[in-house]
Amino acid sequence: MDEPAGIYAREIDYLDRNVQLGVAGDRVIAVSFPETPPADAGDDHPLLDRIEAYFEGETVSFESTPVALTMASDHREVLETLRSIPYGEGITVEQLARMTPGLDPDSEEDVRLVRTALAENPAPLLIPDHRVRDGPSAEPPAVEQKLRSIEGVA
């Protein structure tokens, strides 16, 4: 991404709201779903074009989109592992814990860590927490359900 840093947003009819990106340098720092974006948000960003294609039914992968994950290392590991889950596949919190290096899915503490990382995900959709069937999501519930529906994740 060679676009200037800033806030970008575009209305997505399927969601009945906007997708908003916070961009710094070549990385996305935040994704949110406001009903109304800030007045100074731009709407012309190549990532918004890809997101719009996703909501129009194209199979789009965001796995290689640069995302700045400024958080505790163990939370970052969980979210980086989650990025490898393909479009349309669902997993459980336990499976995500098992896949994340250094975590034990039988440890309550590690499962809690996974749930916290999911809930604090700064870039939902790009880091697809909606693919974790029994975990919290950083998206609003209505958005999470629509993301699961578009991908066929039960």
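The notes below deal with the structure included here. Keep in mind that this is a model prediction, so the values were computed, not measured.

Section: the sheet that holds strand β2 (residues 17-24)
Turning to step 1, where the next piece is worked out: Reading across from one edge, β1-β2-β3 is the order of the 3 strands in this open sheet, with antiparallel pairing throughout. Every interior strand has two partners, whereas the edge strands, β1 (6-12) and β3 (27-32), have only one. Direction aside, the axes of adjacent strands within the sheet are offset by 25 degrees on average.
Turning to step 2, where the next piece is worked out: As defined by bridge partners, β2 adjoins β3 across 5 bridges and the pair is classed as antiparallel. Paired with V23 across the two strands is V28, which belongs to β3.

Focus on the nonpolar core
Turning to step 1, where the next piece is worked out: Counting 40 residues, the largest nonpolar core has V19, I51, F55 and L82 as its most contacted members.
Turning to step 2, where the next piece is worked out: For this core, the secondary-structure elements that each account for two or more residues are β1, β2, β3, α1 (46-55), α2 (73-82), α3 (93-99), α4 (108-119) and α5 (141-151).
Turning to step 3, where the next piece is worked out: Among the elements that take part in this core, α1 stands out by supplying 6 residues, more than any other.
Turning to step 4, where the next piece is worked out: Setting aside its immediate chain neighbours within four residues, F55 contacts I12, Y14, L15, V19, L125, L147 and I150.

Considering a negative patch on the surface
Turning to step 1, where the next piece is worked out: A surface patch of negative charge is lined by E11, D13, E56 and E58.
Turning to step 2, where the next piece is worked out: Within the element layout of this structure, E58 appears in the loop between α1 and α2.

Description of the packing of α2 against α4
Turning to step 1, where the next piece is worked out: At a closest axis distance of 9 Å, the pairing of α2 and α4 adopts a crossing angle of 75 degrees. Of the possible angle classes, the one that applies to α2 and α4 is roughly perpendicular. Together, D74, H75, V78, L79 and L82 of α2 and L113, V114, T116, A117 and L118 of α4 make up the contact between the two elements.
Turning to step 2, where the next piece is worked out: The class makeup of the residues in the contact of α2 with α4 is 7 nonpolar, 2 polar and 1 charged.

Thoughts on the pattern of salt bridges
Turning to step 1, where the next piece is worked out: In the structure shown here, the tally under the stated rule is 7 salt bridges.
Turning to step 2, where the next piece is worked out: Put simply, K146 and D16 hold a salt bridge, and the shortest N to O gap is 3.5 Å. Separated by 130 residues along the polypeptide, K146 in helix α5 and D16 in the loop between β1 and β2 bring together distant segments of the chain.
Turning to step 3, where the next piece is worked out: We classify K146 as partly exposed; its relative accessible area is 24%.
Turning to step 4, where the next piece is worked out: Taking relative accessible area as the criterion, D16 reaches 60% and is therefore assigned exposed.
Turning to step 5, where the next piece is worked out: With its nearest N and O atoms 2.7 Å apart, the salt bridge here joins E144 to R148. Placement of both E144 and R148 in helix α5 is noted, with a separation of 4 residues, approximately one turn of the helix. Assigned by exposure class, E144 and R148 land together as buried.
Turning to step 6, where the next piece is worked out: Linked through salt bridges whose partners overlap, the residues forming this network are R10, D49 and E52.

Parameters at a glance
- Residues numbered from 1 in each chain as written.
- Predicted model: local features only at pLDDT ≥ 70, side-chain atom pairs only at ≥ 80, totals over all residues.
- Heavy atoms only, no water.
- Pairing = 2+ DSSP bridges.
- Helix = DSSP H or I, 4+ residues; strand = E, 2+ residues; numbered from the N terminus.
- Axes fitted to C-alpha atoms, helices over the stretch in contact; angles between N-to-C directions.
- Core = buried A, V, L, I, M, F, W, Y, C linked by side-chain atoms within 4.5 Å.
- Buried < 20%, exposed > 50% of the residue type's maximum accessible area, 1.4 Å probe, protein only.
- Contact = heavy atoms within 4.5 Å.
- Patch = residues over 30% accessible without salt bridge, like charges linked within 9 Å, V, L, I, M, F, W, Y side chains within 5 Å.
- Areas by Shrake-Rupley, 256 points an atom, 1.4 Å probe, with all protein chains shown as cover.
- Salt bridge = Lys/Arg side-chain N within 4 Å of Asp/Glu carboxyl O.
- Lys, Arg positive; Asp, Glu negative; His and termini not counted.
- Charge placed at Lys NZ, Arg CZ, Asp CG, Glu CD.
- Parallel < 35°, antiparallel > 145°, perpendicular 65-115°, else oblique.
- Nonpolar A, V, L, I, M, F, W, Y, C, P; charged D, E, K, R; others polar.

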